[in-house]
Amino acid sequence: MTGIRRKLLVVSAHADSRTPFLVQSNENIFVRMAEPVTGSEEIPAVTENDADATSEELENNQTNAMVEEGTNLLRKMEISVAEAEKRMGKNSVNIQETYTVYLIETRPIDAVAEGHNPAPDSVWRRYSEFELLRNYFLVTFPFVVVPPLPEKRAEFVWHKLSADNMDPDFVERRRVGLENFLLRVASHSVLSNDKIFYQFLTEENGWKEVVFDTGFQAKADSRLKALNATFRVKSPDKRFVELKHYSDELQSITSQLLRVRARVADRLYGVYKVHGNYGRVFSEWSAIEREMGDGLQSAGHHMDAYASSIDDILEEEEHYADQMKEYLFYAEALRAVCRKHELMQYELETAALDLASKKQQREELATGTVRTFSFKGMTNKLFGQETQEQREAKLQVLEEQIIEGEELVKEKTIECDEFVKNAWVDMVRFKEQKDRDLKEALISYAIMQISVCKKGIQMWANAKECFSKM
Amino acid sequence: MSGIIVDPTAESASTQEITTDVSERMLDLDEDDDLEVFSKDATLADGSLFNASMPTSPASMINQFEEDADEKDIFVTVDNPESHVTAIETFITYRVLTKTTRSEFDSCEYEVRRRYQDFHWLKGRLEEAHPTLIVHPLPEKFVMKGMVERFNEDFIETRRKALHRFLNRIADHPILSCSEDFKIFLTAEASELTTHKKQGPGFLSRMGDTVRAVAATVRGVKNRPEEFTAIQEYVDTFSQKINSLDKVALRILKEQKEYLEDLKECEPMYTLWSGSEDELAEPLRGMAGCIDRCCRETGEQVNQLSENLVPALHEYVLCAETLKAVLRRRDNIQADVEAKSETLANKMTERESLKEEIDKLEDKMEFANNALKGDWERWQKNMREDIKAAFMCTAEKNIDYYEKCLAVWESFLLSQRSDLTVESSGEQDPAPQEIAKDEAPQAT
């Protein structure tokens, strides 16, 4: 597989392995890409092709309100998704199936720096467990733009790329995507400190039960239902409305781009590959030519080389597509946060409305005036008033409800404010990350094109040389 | 159904277009050979302007310069296509300009207008007079569906170039250029030419070829000399290969065009995206610009293929057919001799007259064989040069294409990188960036 450019990540953790990611969230998080162990990892923030680790580091320092100032790295941890393997097993409906598991390796960096070379801790996880982890994040940290997983099924494929989940290239790309996911999570100030995340990386057995025990699924179900419902918010937060709009645009444009890119890749593949026919025909033709024979033959070889060069070129380009895809899915995550905010806002407004109406009812009941039309009021008029006792009882109930209602509104308001505060922090973080990453993606695309052009120049110069000898 | 021919030399700014009426004419065997064009206005430009855009197919250029070394004394150009409308038909004529110092010519400069029909007549006459000389092919009479995809303007230009090459090959040929028919073709006024055409078997030459071809399949040759068998084998293989190459080139052209169409869709997307972003707006616009420029370069590449390589290869597809015909005609002559000789063996009477006949035929055959042998070397040399030139040109264009695209992306990279160095200045040693800049992603 061609070298996929990676960022360098390092995750910091508390020294105490028993309570790793609790409490004071995180120290400063350095970001470093882990390869399955090469020697040079002791230096944090060493970058390969990414000039931005230090700026990310700074950004983490500055923008994340929850981060402690200072860089008290007690333990650094390397994370990588080293391998993929096929397994057979019985699934939830007791049917034999083949699935792929991925090996997650973690290792404290300090140990390596000191010259020891401890074997990494490792757990095997399958894709569905990653999904479970992500869903847990979505519910538990609704204000976070949660990093996306690599796609479930291959989409936007151009014809040579397989859409089969079992295809080794797909598996490999997925492995890289999963590693990327983990590294993104591990560099997130909030997510990286979550205990469930830590256990995901370290406790192979029983992790699922632990996740379910958090009861997040119950919350998930109700939230999911609510999110899918259509509702209107009376006074939406303008910033979130704009962001939602932006996320729609981002989603739309990246998916269109991906589709066109796949078609262009297909075409380019065709152009290069047909040149291979030159090779074949030149070779056959050279057999009957005296003076031209050698020139034809060697030109033919260069045509063959040209034709086969497209395979590597498109493999590289796939990396660009993967970067686009990540942000296509990020757009979705962004949108989800906006929706959750809407939902909260809606619930707050509903609670407030409810409270207001109850208060009004109390007033009516207390003063005997009917301000607004109601059936109750009408029937009362028609069929006679209630007794004093009845009214007292009703008032009592209302009072209680109003108190509850006020509590609820207070609660919801706090919840909403907290959400907005936290979400906004993450939005800012996300935006900066996105701007950086996409700019880097464009740059690496340009680098790739430059390489393609250089190769092309060389090949055709060689061919021209051969033609000149014909 | 109206359209007007495009005159490349027209100084007036009127850009007139030709309708693609050709498709209707495709299989119309009864129609005139010329490309039928329905024109609104009859443009009978005086054509006195010398066409500044000389046909510059590398092959003809190379040949021309080479012949100069041999003291070429006759120069022919074909240019200035024009459409003519008469009561009966509409057709295209081309200006044929001749400059020569040869003594057989009364003047040293001639200018006439000829239509495809006339070229076709000339070819027939030459082939009849010199059955075993290799006459360069004419562009095809009828339009192949796949080839006329753009305006007829391109088709006419392609045809014009091919006609130019045709005449030049004849002019360069030591024997053919001395042909009386050739001289008349170059110099006669239209009416003179018509009169001359009516004489002689020219009218039937088309028929003659067919008849003889049929006859050839009936009568085989018994003792074909080894060298001609070798040539036959060569021609058979060559024909296959050149046909394949023709197809390959056409296919590449097609794929390239489709690639260009899809690539064009990327640019507006990046532009659209840049509208939603702030930090990223500039790089995205830059990206859109790069893609736009690359599209233009790809367009140039496509043009090169369709104007240069494809016609060059296609000409040699036609050459292969010519070669086959020449070999067939040579075989026929030999077959004649063999047949008559056989008759001689069997007949008792009339031996004298038969013998005379056979002697004449044998002379004819010897002459034909030598002519072919001589021309064969010539043809091979021309073929090598033409093919080499066509592919060199293609290679050069491709190099140019990649160089231009390289420049586009390098300047984009530079513009983005300079932003980066400004941003992160003071934070990090720029060295890693330098390394990254030069290092292209390596394939493993």
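All of these numbers come straight from a predicted model, not from anything done at the bench.

A.B. asks: What is the right way to look at the sheet that holds strand β2 (residues 90-100) of chain B in this model?
C.D. replies: The pairing of strands in a sheet comes from backbone hydrogen bonds and takes either a parallel or an antiparallel form. All names here are of chain B. In space, the 3 strands of this open sheet follow the order β1-β2-β3, with antiparallel pairing throughout. Each edge of the open sheet is held by one strand with a lone partner, namely β1 (74-85) and β3 (109-115). The mean angle between the axes of side-by-side strands here comes to 20 degrees, regardless of whether they run parallel or antiparallel. Bridge count between β2 and β3: 7 bridges; the pairing is antiparallel. In the strand pairing of β3, Arg95 is matched with Arg113. Where helix α3 (residues 116-129) meets the sheet, its contacts fall on β1, β2 and β3, and the angle it forms with β3 comes to roughly 105 degrees. Its contacts with the sheet place helix α5 (residues 180-187) against β1, β2 and β3, and it is angled at close to 90 degrees to β3.

A.B. asks: What's the story with the side chain of B:Gln416 in this structure? I'm lost.
C.D. replies: Topologically, B:Gln416 is positioned in helix α11 (residues 351-423). Accessibility expressed as a relative area gives 0% for B:Gln416, which makes it buried.

A.B. asks: Would you explain the pairing of β2(B) in this entry?
C.D. replies: Residue and element names in this part refer to chain B. Judged by how many residues are buried, β2 sits mostly within the fold: 10 of 11 residues are covered. Pairing geometry for β1 and β2, over 10 bridges, is antiparallel. Note on β2: the bridge partner recorded for Val78 is Val96. In this structure, the hairpin formed by β1 and β2 is closed by a connection of 4 residues.

A.B. asks: Explain the packing of aromatic side chains here, please?
C.D. replies: Any aromatic ring pair is given by two values, namely how distant the centres are and how the planes are angled relative to each other. The full count for this structure, using the stated rule, is 32 aromatic pairs over all chains. Among the aromatic side chains, those forming a connected cluster through ring pairs are A:Tyr136, A:Phe137, A:Phe141, A:Phe143, A:Phe197 and A:Phe216. Note that A:Arg174 overlies the ring of A:Tyr127, its terminal NZ or CZ placed 3.8 Å from the centroid. Just above the ring of B:Phe228 sits the side chain of B:Arg330; from NZ or CZ to the centre is 4.4 Å.

A.B. asks: I keep staring at the nonpolar core and nothing clicks. Help me out?
C.D. replies: Generally speaking, soluble globular proteins have nonpolar side chains that are buried together. In terms of nonpolar packing, the biggest core is built from 165 residues, with A:Trp285 and B:Tyr270 touching the most fellow members. If you tally residues by element for this core, the top one is helix α11 (residues 388-468) of chain A, at 25 residues. Excluding residues within four positions of it along the chain, B:Tyr270 makes contact with A:Leu257, A:Tyr320, A:Leu442, B:Leu284, B:Met287, B:Ala288 and B:Ile291. Formed by 32 residues, the second largest nonpolar core is a distinct cluster that contains B:Tyr116, B:Leu122, B:Leu163 and B:Ala188.

A.B. asks: How do you make sense of the environment of B:Phe75 when you look at a structure like this?
C.D. replies: With respect to the helices and strands, the residue B:Phe75 is situated in strand β1. Taking the C-alpha atoms as reference points, B:Phe75 and B:Asp172, separated by 97 residues in sequence, lie 9.0 Å from one another.

A.B. asks: Explanation requested: the confidence of the model for chain B in the structure shown.
C.D. replies: When pLDDT is low, close inspection of the predicted coordinates is not appropriate. Residue and element names in this part refer to chain B. Summing up the model confidence of chain B, the mean pLDDT is 76 and the portion of residues at 70 or higher is 71%. Put simply, helix α1 (residues 22-25) is where chain B has its lowest mean pLDDT, 37, and helix α9 (residues 266-274) is where it has its highest, 95. Within the model, pLDDT remains below 50 along residues 1-69, and this stretch shows 141 contacts once partners closer than five positions in the same chain are excluded. Across residues 424-444 the pLDDT falls below 50, and counting only partners more than four positions away or on other chains, this stretch makes 32 contacts in the model. Across the whole predicted complex the pTM is 0.75, and at the interface the ipTM reaches 0.77.

The rules behind these values
- Residues numbered from 1 in each chain as written.
- Chains lettered and ligands numbered in written order.
- Predicted model: local features only at pLDDT ≥ 70, side-chain atom pairs only at ≥ 80, totals over all residues.
- Heavy atoms only, no water.
- Pairing = 2+ DSSP bridges.
- Helix = DSSP H or I, 4+ residues; strand = E, 2+ residues; numbered from the N terminus.
- Axes fitted to C-alpha atoms, helices over the stretch in contact; angles between N-to-C directions.
- Contact = heavy atoms within 4.5 Å.
- Buried < 20%, exposed > 50% of the residue type's maximum accessible area, 1.4 Å probe, protein only.
- Phe/Tyr/Trp six-rings, centres within 6.5 Å; stacked < 30°, edge-to-face > 60°.
- Lys NZ or Arg CZ within 6 Å of the ring centre and 35° of its normal.
- Core = buried A, V, L, I, M, F, W, Y, C linked by side-chain atoms within 4.5 Å.
- pLDDT = per-residue confidence, 0-100.

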